[in-house]
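A structural walkthrough
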Amino acid sequence: MVRAKYVRFSFTGYLVVLISVMFIITVILSFKLLTIDQCNCLVPDIVKYGIRPTTKLISSKHRLAVLVPYRERFEELLEFVPYIHNFLNNQQISYNIFILNQVDAYRFNRASLINIGFLHTKHDFDYIAMHDVDLLPLNSNLSYAYPKQPFHLAAPDLHPKYHYSKFIGGILLINREHFEIVNGLSNRYWGWGLEDDEFYVRLKDAHLNVTRPENISTGVNNTFRHIHGKDRKRDTTKCFNQREVTRKRDRQTGLHDVRYNILGYKNLEINGAPATIINIQLICNHTATPWCDCSPQKSAKV
Ligand code: UDP
Ligand code: MN
């Protein structure tokens, strides 16, 4: 009798211990799985952009998307990607390079490409560099750190070619919040020029101060290298009422209404430096901006 009672108690005891052990193991295992998922934060980015950890230990907590408007500048691209990769690694910047490759038949639209690059990276990056493919920073004091205010790196007193005081082209760093406040860049600028001047007015209207590098003593000749190929003609054609419209501040278009298709992503590596190419097909509203196509047949209809 006593013995039977002892055996029954012991069996229940074992059962309780077994259930408790299984419970503890389950808790430990699920905690471990959770920890792996949470810490392996780069997984979705690798799938999307092919992001790989940079070679150096990164101290910066903000992430930079280098947005490069691009079409048919392969020679420049081959130089740009490895160069900027090393430059940013030396500054311990956490970044990715995105080549915004315009693949449609319309005239080049630098501003719309940057808007699209921003829309596609804003969830994973805290600030952007609008970066010409042919402008290489030479002075290591040119900082690509997170900008509290829009930071114009290719300042007029440092850029090899453009020296007017309101110039903000070439290389401009801006944080995500500020780029959104001004609704990005205007989409009306097809062909070369003026989209950056219009953006300057957007920043001014939003009371954002453009800051520039200080204490750089290398001047206009030795601060940047402009690797703009000699045979690269700038598309300065004006057709329809382009001249008139693009001289004015655009209060309508920008981030929220840029129209396009993404035709694909490709990850490439140049001398060990990774970059992501985004193939972008822009869509033109021919009624609003007929000058997206200035070919003689189109322009003759005016
Ligand atoms: N760009 C391009 N293909 C073009 C025109 C422009 O890739 O056909 C890009 C490229 O990043 C270039 C930038 O737009 O650096 C500015 O154009 P460009 O160099 O012609 O202007 P610049 O500042 O030299 O007057
Ligand atoms: Mn150039």
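Just above, that's the structure.
Summarised in this report is the structure supplied together with it.

Conventions and cut-offs
- Residues numbered from 1 in each chain as written.
- Chains lettered and ligands numbered in written order.
- Predicted model: local features only at pLDDT ≥ 70, side-chain atom pairs only at ≥ 80, totals over all residues.
- Heavy atoms only, no water.
- Buried < 20%, exposed > 50% of the residue type's maximum accessible area, 1.4 Å probe, protein only.
- Helix = DSSP H or I, 4+ residues; strand = E, 2+ residues; numbered from the N terminus.
- Pairing = 2+ DSSP bridges.
- Contact = heavy atoms within 4.5 Å.
- Near = heavy atom within 4 Å.
- Polar contact = N/O pair within 3.5 Å; in protein donor to acceptor, adjacent residues only side chain to side chain.
- Nonpolar A, V, L, I, M, F, W, Y, C, P; charged D, E, K, R; others polar.
- Donors = N, O, S within 2.8 Å, 3.2 Å for Na, K, Ca; no water.
- Disulfide = S-S within 2.5 Å.

**Looking at the pairing of strand E2 (residues 94-102)**
Looking along a regular strand, one sees the side chains alternate between the two faces of the sheet. Burial of E2 is extensive: nine of the nine residues sit out of reach of the surface. The two faces of E2 match: Ser94, Asn96, Phe98, Leu100 and Gln102 on one face and Tyr95, Ile97, Ile99 and Asn101 on the other face are all buried. Sheet topology note: the E2/strand E9 (residues 273-282) ladder contains five bridges and is parallel. Along E9, the bridge assignment pairs Ile99 with Ile277.

**Notes on the environment of Pro213**
Tracing the sequence through the fold places Pro213 in the loop between helix H6 (195-205) and helix H7 (219-222). Considered as a pair, Pro213 and Leu158 are 55 residues apart in the sequence and their alpha carbons are 9.1 Å apart. Other than its neighbours up to four places away in sequence, Pro213 contacts Leu142, Phe151, His152, Leu153, Ala155 and Leu158.

**Quick look at the site of ligand 1**
Taken together, 13 residues sit near ligand 1, with Pro69, Arg71, Asp134, Tyr162 and Arg234 positioned nearest. In the model, an oxygen atom of ligand 1 is placed 2.9 Å from a nitrogen or oxygen of the Asp134 side chain. Partitioned by chemical class, the residues of the shell around ligand 1 number six nonpolar, two polar and five charged.

**A few points about the coordination of the manganese ion (ligand 2)**
Within the protein, Asp134 (OD), His226 (NE2) and His228 (ND1) serve as the donor atoms for the manganese ion (ligand 2), at 2.0 to 2.3 Å. Here the donor residues of the manganese ion (ligand 2) are spaced in sequence according to D-x91-H-x1-H. Its relative accessible area of 26% is what places His226 among the partly exposed residues.

**Considerations on the state of the cysteines**
Evaluation of the coordinates by the stated rule reveals two disulfides. Note that Cys239 is cross-linked by a disulfide to Cys294, the S-S spacing being 2.0 Å. Between Cys239 and Cys294, the disulfide has an S-S torsion of -85° and is therefore left-handed. Residue Cys239 is located in the loop between strand E7 (224-226) and helix H8 (242-245), and its partner Cys294 is located in the loop between E9 and helix H9 (296-299); the two are separated by 55 residues in the primary sequence. Two residues, Cys284 and Cys292, share a disulfide whose sulfurs are 2.1 Å apart.

**A few points about the environment of Phe118**
Looking at where Phe118 falls in the secondary structure, it is placed in helix H4 (residues 110-121). Here Phe118 falls in the buried class, since its relative accessible area comes to 2%. Sequence-wise, Phe118 and Met130 are twelve residues apart; in three dimensions their C-alpha atoms are separated by 9.5 Å. Once residues lying within four places of it in the same chain are set aside, the contact partners of Phe118 are Leu67, Ile128, Arg176, Phe179, Glu180 and Leu255.

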